[in-house]
Amino acid sequence: MKLDLRRVILFVDDMAVMTDFYEKQLGLKVLTREERWVDFDAGGSRLALHSGVSNPGRTKICFYVSDVSKARQELIDRGVRMGKDPGPAKDELQLCDGKDPEGNTFQLSNRP
């Protein structure tokens, strides 16, 4: 299994203000814009804004894998705490969160 850091997700209270900051003030190009999600091109990876609170740190490291379910099982076999199995891939978005030893959240995702 190869993990590629694909994006960092920032959970924000005010999507409009934060989107404006990253797009207009920092000059990042918007790749995807949805109601509660904005994905920016940040060079070798992406920066995403997500409306709402996930955890006290409000940051989530997201690793791309083509098969989330398979990667999840490999990590569990290595002793990593992982969330619910999203099931077999069916050409849809699959996500699975895990925790590091200090309780920080990371995510496996097949989002390009």
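Above this text you will find the structure in question.
Structural notes, computed from the coordinates.

Thresholds, definitions, all that
Residues numbered from 1 in each chain as written. Predicted model: local features only at pLDDT ≥ 70, side-chain atom pairs only at ≥ 80, totals over all residues. Heavy atoms only, no water. Phe/Tyr/Trp six-rings, centres within 6.5 Å; stacked < 30°, edge-to-face > 60°. Helix = DSSP H or I, 4+ residues; strand = E, 2+ residues; numbered from the N terminus. Buried < 20%, exposed > 50% of the residue type's maximum accessible area, 1.4 Å probe, protein only. Pairing = 2+ DSSP bridges. Contact = heavy atoms within 4.5 Å. Axes fitted to C-alpha atoms, helices over the stretch in contact; angles between N-to-C directions.

**Observations concerning the packing of aromatic side chains**
Argument step 1. Taken as a whole and judged by the stated rule, the model has three aromatic pairs.
Argument step 2. Between Tyr-22 and Phe-40, the aromatic rings sit 6.0 Å apart at their centres with planes inclined by 45°, giving tilted as the arrangement. In this pair, Tyr-22 sits in helix 1 (residues 15-25) while Phe-40 sits in strand 3 (residues 37-41), placing the two residues 18 residues apart along the sequence. We note that Tyr-22, like Phe-40, is buried.
Argument step 3. Linked through ring pairs, Phe-21, Tyr-22 and Phe-40 together constitute an aromatic cluster.

**Overview of the sheet that holds strand 8 (residues 105-109)**
Argument step 1. In spatial order, the strands read 2-3-4-1-5-8-7-6; together these eight strands make up an open sheet with mixed pairing. The sheet is open, and its two borders are formed by strand 2 (29-34) and strand 6 (81-82), each paired with just one other strand.
Argument step 2. Pairing of strand 1 (residues 4-12) with strand 4 (residues 46-51) involves six bridges; the strand directions are parallel. Across the sheet, the residue bridging to Leu-10 is Leu-49, located in strand 4.
Argument step 3. Docked against the sheet, helix 1 engages strand 1, strand 2, strand 3 and strand 4, running at close to 165° with respect to strand 4.
Argument step 4. The strands touched by helix 2 (residues 68-77) are strand 6, strand 7 (95-99) and strand 8; relative to strand 8, the strand with the most contacts, the crossing angle is about 140°.

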